[in-house]
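# Secondary and tertiary structure notes
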Amino acid sequence: MKATTHPADARPTRTYGAELRRTDTAIVIWRPGDEPRTLSVNETAAALWELCDGETTVAEMAEAVAELTSQSLTSAWNDVTSTLARFEEAGFLVSDPPALSPTKRGLNSR
Amino acid sequence: MTAQDALITVSVGCGFRLVAEAVATSLAENADVCVVSVGTDLAELTVPPGTKEPDVAVLCYYQAGWDAIDLCAEIKSRAERTKVVLGGPREPASILQTAVLAGADGFVMDGEPVTALVDAVRDVHAGKSRVPGEMLGSLLRGLIEFRREDDILVEKFASLGRREKEVLIAMVSGASDADIAKRMYLSAHTVRTHARNVLKKLGFHSRAEAARAVLGHDLIARFGLASESAPLPAGRTGRLR
């Protein structure tokens, strides 16, 4: 599956049944079923996974990561979108989440 | 360049002097760290005039009654280049949230070894943040929710009339209706009407709630307004400025 680019106002949504699991040595996202899938992630990716709730926009994620990690917004944006692309490639994001009413937030809103 | 220029200069603050000095001693054992001040309040941590502000301030927030987060905000407002590492318990997460908004650059959590503190000092000095991985999710979530609330509040605040803003600022500073009326040449009845309208427009149920929001989001400074009465407590939203 080819990953799509996430626009700033996209609201990534986790696929049903996929969940985050932590062990002493690793963090993985996995989805059971006939074709179980797993994806090893780091702490930042795990935090972003929790934000894929269908309400939080990509812009909000990038802005928060930039603020918390003292990165530039561009750098945070690249990190966030590449992580989301990994989730999508692994089949852990809903391709066409239901539309929500738009908010005023976006990368250019401030 | 002096020898000290090559070192990471650090100030250490804690409500307990014994703990502050113990932390300072541990840090000073590292060849690349130079502790320049140790204290229990801002006055002790402040370097003499003409002296370079420390590269990093390490603040412990264990003690009730000793507000490391206010201190963090104060340090950041005085010297933005100084990085701040906070050390303390993981809970409640809201403390860490407030600390991030106050400008904290790194955290060392209860249970981590001294080496973690040294690593944190080096990391923040190098321009990186240091947030415990398992706290990232809740901190990001908290920041996003704060921003959403901030957007709504700023819009509502901007919609207030000039007189309403003045009444709100006076209310936040703790003035009574009678004081506000006298200062603004209004009747007490008019002040009460303005106050009621302000709370309604902002969606608050009490003056205390309004004060918390106005101070927490630093609205007065961000809108370039000034209180004409008592000085206001410092906001904790250094990163919004």
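Residues numbered from 1 in each chain as written. Chains lettered and ligands numbered in written order. Predicted model: local features only at pLDDT ≥ 70, side-chain atom pairs only at ≥ 80, totals over all residues. Heavy atoms only, no water.

### Regarding the overall build of chain B
Counting its regular elements, chain B contains eleven helices and five strands. Relative to its full complement of 241 residues, chain B shows a buried share of 47%. Of the accessible surface of chain B, which amounts to about 11500 Å², a share of 55% is contributed by carbon and sulfur atoms. (Helix = DSSP H or I, 4+ residues; strand = E, 2+ residues; numbered from the N terminus. Buried < 20%, exposed > 50% of the residue type's maximum accessible area, 1.4 Å probe, protein only. Areas by Shrake-Rupley, 256 points an atom, 1.4 Å probe, with all protein chains shown as cover.)

### Focus: the confidence of the model for chain B
Reading fine detail from the predicted coordinates is not recommended where pLDDT is low. Residues and elements named next belong to chain B. For chain B, mean pLDDT is 85; residues scoring 70 or higher make up 90% of the total. Every residue in residues 228-241 is under pLDDT 50, and counting partners more than four places away or in other chains gives 42 contacts. For this predicted complex, the interface score ipTM comes out at 0.81, while the overall pTM is 0.74. (pLDDT = per-residue confidence, 0-100. Contact = heavy atoms within 4.5 Å.)

### Points about the interface of chain A and chain B
On the chain B side, the residues contacting the 20 residues of chain A number 20 residues. When the two sides are added together, the surface that chain A and chain B hide from each other amounts to roughly 1800 Å², 54% of it contributed by carbon and sulfur. Linking chain A to chain B there are three salt bridges. The salt bridge involving Arg141 of chain B is made with Asp53 of chain A; its shortest N-O contact spans 2.9 Å. Counting every contact that joins chain A to chain B gives nine residue pairs in polar contact (both at pLDDT 80 or more). Of all the elements in the fold, those that place two or more residues in the side of chain A that touches chain B are helix H1 (43-51) and helix H2 (58-69) of chain A. Among the elements that make up the side of chain A that touches chain B, the one with the highest residue count is H2 of chain A (seven residues). (Buried area = accessible area lost by both parts, 1.4 Å probe. Salt bridge = Lys/Arg side-chain N within 4 Å of Asp/Glu carboxyl O. Polar contact = N/O pair within 3.5 Å; in protein donor to acceptor, adjacent residues only side chain to side chain.)

### Focus: helix H7 (residues 162-172) of chain B
All names here are of chain B. Among the eleven residues of H7, eight are classified as buried, and the element is accordingly described as predominantly covered. Turning to H7, its buried residues are Glu164, Lys165, Val167, Leu168, Ile169, Ala170, Met171 and Val172. Taken together, the buried residues of H7 touch helix H6 (133-158), helix H8 (177-184), helix H9 (188-202), helix H10 (207-216) and helix H11 (219-222). With its phi angle positive at about 95 degrees, Gly174 sits one or two positions after the end of H7.

### Comments concerning the nonpolar core
By size, the foremost hydrophobic cluster in this structure holds 58 residues, and its most contacted members are Phe87 of chain A together with Leu59, Leu86 and Phe107 of chain B. Contact partners of Phe87 of chain A, with chain neighbours within four places excluded, come to Ile29, Leu39, Val41, Ala45, Leu48, Trp49, Cys52, Phe92 and Leu93 of chain A. By size, the runner-up hydrophobic cluster in this structure holds 25 residues, among which are Ile180, Val191, Leu199 and Ala213 of chain B. (Core = buried A, V, L, I, M, F, W, Y, C linked by side-chain atoms within 4.5 Å.)

### Some remarks on the pairing of strand S2 (residues 33-39) of chain B
Residue and element names in this part refer to chain B. As defined by bridge partners, strand S1 (residues 8-13) adjoins S2 across six bridges and the pair is classed as parallel. Counterpart to Thr9 in the pairing with S2 is Cys34. Note that the unit made of S1, helix H1 (residues 17-28) and S2 has a crossover that is right-handed. (Pairing = 2+ DSSP bridges. Right-handed = clockwise from strand over helix to strand, strands pointing away.)

### Considering the sheet that holds strand S3 (residues 37-41) of chain A
Residues and elements named next belong to chain A. One open sheet holds the three strands; their spatial order is S1-S2-S3, and the pairing between them is antiparallel. Looking at strand neighbours, the two that pair on one side only are strand S1 (19-22) and S3, the edges of this open sheet. The average undirected angle you get between the axes of adjacent strands in this sheet is 30 degrees. Across five bridges, the pairing between strand S2 (residues 27-31) and S3 is antiparallel. (Axes fitted to C-alpha atoms, helices over the stretch in contact; angles between N-to-C directions.)

### Looking at the sheet that holds strand S5 (residues 106-109) of chain B
Remark on secondary structure: sheet strands pair via backbone hydrogen bonds, oriented parallel or antiparallel. Residue and element names in this part refer to chain B. Strand order in the open sheet formed by five strands is S2-S1-S3-S4-S5, with parallel pairing between adjacent strands. One side of each edge strand has no neighbouring strand; the edge strands of this open sheet are S2 and S5. For this sheet, the mean angle separating the axes of adjacent strands, direction not counted, is 20 degrees. As paired elements, S1 and strand S3 (residues 56-60) share four bridges and run parallel to each other. Looking across to S3, one finds that Gly13 is bridged to Leu59.

### As for the packing of aromatic side chains
All names here are of chain A. Under the defined criterion, the tally for this structure stands at two aromatic pairs over all chains. When the centroid spacing of 5.4 Å and the interplanar angle of 80 degrees are considered together, the rings of Trp49 and Phe87 count as edge-to-face. Of this pair, Trp49 sits in helix H1 while Phe87 is found in helix H3 (residues 73-89), placing the two residues 38 residues apart along the sequence. Per residue, the accessibility class of Trp49 equals that of Phe87, and both read buried. For the pair Trp49 and Phe92, a centre-to-centre distance of 6.0 Å together with 80 degrees between the ring planes defines the contact as edge-to-face. Here the residue Trp49 occupies a position in helix H1, and Phe92 occupies one in the segment after H3, the gap between them amounting to 43 residues. (Phe/Tyr/Trp six-rings, centres within 6.5 Å; stacked < 30°, edge-to-face > 60°.)

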